[in-house]
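Understanding the architecture of this molecule
Residue strings, one per chain:
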Amino acid sequence: MPSSDILATLHTFSMALSFILGCLVGSFCNVCASRWPAGESVVSPRSRCPKCRNAIAWYDNIPLISWLILGAKCRHCGKSISWQYPLVEALTGLLFMLVFLRFGYVAATPVYMALCAALVIVTFQDLADWTIPNEITFPGIPIGLALALVGMVYPDSMLRVTDPINAVIGMALGGGFLYALDRVTVLLLKKPGMGFGDAKLLAMLGAFFGWKGFLLILMLGAITGSIVGGLMIAYFRFRGEKEESPAPEADEATDDESGEEAAGSDDEITLEGHYLPFGPYLALGGLLYMFFGPELIDWWLGLTSAPINGGMTLM
Ligand SMILES: [Zn+2]
């Protein structure tokens, strides 16, 4: 067997392994995002069906596969299992595989896989609970700073930041910017602030990616956030108008099934009394910077200055 074949096989094997590892970690991300808001332990008790409270056996808790085999239904009560569980598992698996493809056999790969998992938890907890877990940001900030030291000592690690001062500046700018924005909102607009979860998250990302990372992540987060936020406001306004208009068919609905479906819609996210969560967009910006940071900076500089940067490459 020629050595190139062996390398190709090893590469495919590592890709598959990264995906499987990501799915397993994603399963744990689901547990964290659903238990941390209630202050519950993520270690015990065992996973339970949220509807019938029966413990889930290990063979019914295999990422992706069990959900498919069970037909998205609990073995005990037959009630449906949310698609969010396999989505988070598949997403984390995909991210782990992409991190391996981007960075390869270097120290940055496990580091950024862990960061992906952290950002997946942040995203789904913020979407469901409007909070960003301190369980992620409190350890994340010192870890990000420490990694800059590792990057300085071992440049071959492929870590994005190789200068601890840069990491400290990124952290201070990230935390300080959103903290100041919150204070200004409270003082000038007399509205309740957006909370410090986002500030701590941006401080963490600043520690991981330095001051350039902070700037790009804030910009990417603001752009994607305003696009999605605008679409959501338009959607809720459209739905609100539809609900206000008379619906003559409603009287004819007699079967119990339609009643059950209507009750299920209580769980849906509404805009009332909330700021739109910013965490998911900061997380997305962080991921984009992790994958394409240097290329994004080249592209940005190319836009703002004379076309000096001719050869821009992605991936
Ligand atoms: Zn059940």
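In what follows, the accompanying structure is described. What you are looking at is a predicted structure, and each value in this text was computed from that prediction instead of being measured. Just so you know, the residues in each chain are numbered from 1, in the order the chain's sequence is written. Selection of residues for local features in this predicted model requires a pLDDT of at least 70, selection of side-chain atom pairs for listing and counting requires 80 or more, and totals for whole chains, interfaces and linings are taken over all residues. Only hydrogens and water are removed before side-chain values are computed, so all heavy atoms of the structure are retained for them.

Focus on the nonpolar core
By size, the foremost hydrophobic cluster in this structure holds 53 residues, and its most contacted members are Tyr-112, Phe-209 and Met-290. Secondary structure elements are taken from DSSP: a helix is a run of H or I of four residues or more, a strand is a run of E of two residues or more, and numbering for both begins at the N terminus. Listing elements by their share of this core, those giving two or more residues are α1 (3–35), α3 (84–103), α4 (108–129), α5 (134–153), α7 (197–244) and α9 (279–304). Tallying contributions element by element places α7 first for this core, with 13 residues. Lining this core are residues from two domains, each supplying at least three of them: domain 1 (1–104) and domain 2 (106–242 + 273–315). Contacts are residue-level and defined by heavy atoms, with any inter-residue pair within 4.5 Å sufficient. Setting aside its immediate chain neighbours within four residues, Tyr-112 contacts Val-99, Phe-103, Met-158, Leu-159, Arg-160, Phe-208, Phe-209 and Met-290. Residues belong to one nonpolar core when they are buried, are Ala, Val, Leu, Ile, Met, Phe, Trp, Tyr or Cys, and are joined through side-chain atoms within 4.5 Å. Exposure categories follow from relative accessible area, calculated using a 1.4 Å probe and restricted to protein chains: below 20% of the type maximum is buried, above 50% is exposed, and the middle band is partly exposed. For the domains described, the bounds stem from an automatic or database domain assignment.

A word on unusual backbone geometry
The omega angle of the peptide bond from Ser-44 to Pro-45 is 0°, so this bond is cis rather than trans. Within the secondary structure, Pro-45 sits in the loop between α1 and α2 (65–69).

Some details on the environment of Gly-206
Among the secondary structure elements, Gly-206 is positioned in helix α7. Between the C-alpha atom of Gly-206 and that of Gly-286, which follows or precedes it by 80 residues, the distance is 9.1 Å. Once you skip the residues sitting within four places of it in the chain, Gly-206 turns out to touch Ala-167, Gly-170 and Met-171.

Some thoughts on the coordination of the zinc ion
Coordinating donors are taken to be N, O and S atoms lying within 2.8 Å of the metal, or within 3.2 Å when the metal is Na, K or Ca; because water is excluded from the atom set, some sites may appear incomplete. Donor atoms from the polypeptide that coordinate the zinc ion comprise Cys-49 (SG), Cys-52 (SG), Cys-74 (SG) and Cys-77 (SG), at 2.3 Å from the metal. In these descriptions, tetrahedral denotes four donors with every angle between 85 and 135 degrees, square planar four donors and octahedral six donors with opposite donors over 155 degrees apart and the rest between 65 and 115, and irregular any other case. For the zinc ion, the 4 donor atoms in the first shell make angles of 106 to 116° at the metal, a pattern classed as tetrahedral. In terms of primary sequence, the donors binding the zinc ion are separated according to C-x2-C-x21-C-x2-C. With Cys-49 in the loop between α1 and α2 and Cys-77 in the loop between α2 and α3, the pair connects residues that are 28 residues apart, well separated along the chain. Residue classification places Cys-77 among the partly exposed positions, given a relative accessible area of 31%.

What to know about α3
Every helix has an expected span of 1.5 Å times one less than the residues it contains. In a regular helix each residue adds 1.5 Å, so 20 residues correspond to 28 Å; α3 covers 28 Å between its end C-alpha atoms and thus fits that length. Buried within α3 we find Pro-86, Val-88, Glu-89, Thr-92, Gly-93, Leu-95, Phe-96, Met-97, Val-99, Phe-100, Arg-102 and Phe-103. Turning to α3, the residues buried within the fold contact α1, α2, α4 and α9. Directly after α3, the chain includes Gly-104, whose backbone phi takes a positive value near 75°.

Quick notes on the packing of aromatic side chains
The rule is short: rings of Phe, Tyr and Trp, with Trp giving its six-membered ring, pair when the centres are within 6.5 Å, and they are stacked under 30 degrees, edge-to-face over 60, tilted in between. Scanning the entire structure with this criterion turns up 10 aromatic pairs. Ring centres of Phe-208 and Phe-209 lie 6.1 Å apart, and the angle between their planes is 50°; on these two criteria the pair is classed as tilted. By the burial criterion, Phe-208 is buried, and Phe-209 matches it. For the pair Phe-209 and Tyr-289, a centre-to-centre distance of 5.3 Å together with 55° between the ring planes defines the contact as tilted. On the criterion of sequence distance, the pair formed by Phe-209 in helix α7 and Tyr-289 in helix α9 is long-range, its members being 80 residues apart. Considered together, Phe-209 and Tyr-289 belong to a single accessibility category, that of buried residues. Joined through ring pairs, the aromatic side chains of Phe-103, Tyr-112, Phe-208, Phe-209 and Tyr-289 make up one cluster.

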